[in-house]
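The primary structure of each chain is shown beneath.
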Amino acid sequence: MIRRRPRTAAAVLLGLLLTLIAASPALAAGYRYWSFWDGAGGTWAYATQGPSTARPADGTVYGFRFSVSKDAAAEAARPRAAADFEAVCAGTPAADGRKRVAVVLDFGVPEDAPGGEHPPQDAPRTACAQVAPEATAAEALASVAKPLRYNGAALLCGISGYPRTGCGEPIADQEPGAAAPSASASGSASAPAGSGGPSAGLVAGIAAVVAVAAAGVWQSRRRRGR
């Protein structure tokens, strides 16, 4: 009887792991959303805070990209224009009591558009926002790209009226654009709450099951040694 306990524990562990994985959301799902990028140093980096909390200094460049992407910095689609402040704001002279923020808007490709919609333009749009010193990135965006659309959770859903509907909805792998997002943008101001990888709850559940099973095996071996 005692010799069978390790096998029984292993069988229980396998069963619980399969249950947890089956109950988890599809790990490969993408999301259709506007991601937010920081262009410091001339290179796009997935923003670590949202536009409503980020307070850029004069000379900052921010990018926004609409696409179907994973909610992960390494897998999200980056803006297709350079993170170049001078190229965007060279024609906007500095002014006392104001700061300049370069804004790059990439509306994405037709394959990533919601049903019945099309990106308002193919190439990325740039604008130089000149705003008050205390203005946030969201306020800088609003000054050059109205109308903006947010949902009840303050998630940025639309820029310059695009898209008209939807907000960070999950996209099944078989839908166009979900399986192969374009060049790598979402930790972002507009990124959905989901993730392209296993959820924290799933990982914690697996860890707990492993710990319980390991304890059972150890106890069984201890008893056999007596």
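Preceding this paragraph is the structure being described.
Residues numbered from 1 in each chain as written. Predicted model: local features only at pLDDT ≥ 70, side-chain atom pairs only at ≥ 80, totals over all residues. Heavy atoms only, no water.

Draft legend 1. Molecular detail of the overall build of the chain. A tally of regular secondary structure across the chain gives four helices and eight strands. Order of helices (α) and strands (β) in the chain, N terminus to C terminus: α-β-β-β-α-β-β-α-β-β-β-α. Expressed as a percentage of the 226 residues in the chain, the buried residues total 40%. For the chain, the exposed area adds up to about 11,600 Å²; of that, 58% sits on carbon and sulfur atoms. (Helix = DSSP H or I, 4+ residues; strand = E, 2+ residues; numbered from the N terminus. Buried < 20%, exposed > 50% of the residue type's maximum accessible area, 1.4 Å probe, protein only. Areas by Shrake-Rupley, 256 points an atom, 1.4 Å probe, with all protein chains shown as cover.)

Draft legend 2. Representation of the environment of valine 104. Note that valine 104 resides in strand 4 (residues 99–106). Residues valine 104 and valine 88, spaced 16 residues apart in sequence, show a C-alpha to C-alpha distance of 8.4 Å. In contact with valine 104, other than residues within four places in its own chain, are Trp44, Val61, Tyr62, Gly63, Phe64, Pro79, Ala81, Ala82, Pro124, Arg125 and Thr126. (Contact = heavy atoms within 4.5 Å.)

Draft legend 3. Representation of the environment of alanine 132. Along the polypeptide, alanine 132 turns up in the loop between strand 5 (125–131) and helix 3 (137–144). Given the relative accessible area of 22%, alanine 132 is considered partly exposed. Each C-alpha atom, one on alanine 132 and one on glycine 97, is 6.6 Å from the other, the two residues being 35 residues apart in sequence. The residues contacting alanine 132, other than those within four sequence positions of it, are Gly97, Arg98 and Lys99.

Draft legend 4. Structural view of the pattern of salt bridges. Counting across every chain of the model gives five salt bridges. Close ionic contact of arginine 32 with glutamate 169 constitutes a salt bridge, the shortest N to O distance being 3.3 Å. One end of the pair, arginine 32, is in strand 1 (residues 30–38); the other, glutamate 169, is in strand 8 (residues 169–171), with 137 residues separating them in the sequence. By relative accessible area, arginine 32 is classed as buried at 10%. The shortest N-O distance in the salt bridge between arginine 80 and aspartate 106 comes to 2.7 Å. Of the two residues, arginine 80 is situated in the loop between strand 3 (60–69) and helix 2 (85–89) and aspartate 106 in strand 4; the sequence distance between them amounts to 26 residues. Taken together, the salt bridges that share partners define one network made up of Arg65, Arg80 and Asp106. (Salt bridge = Lys/Arg side-chain N within 4 Å of Asp/Glu carboxyl O.)

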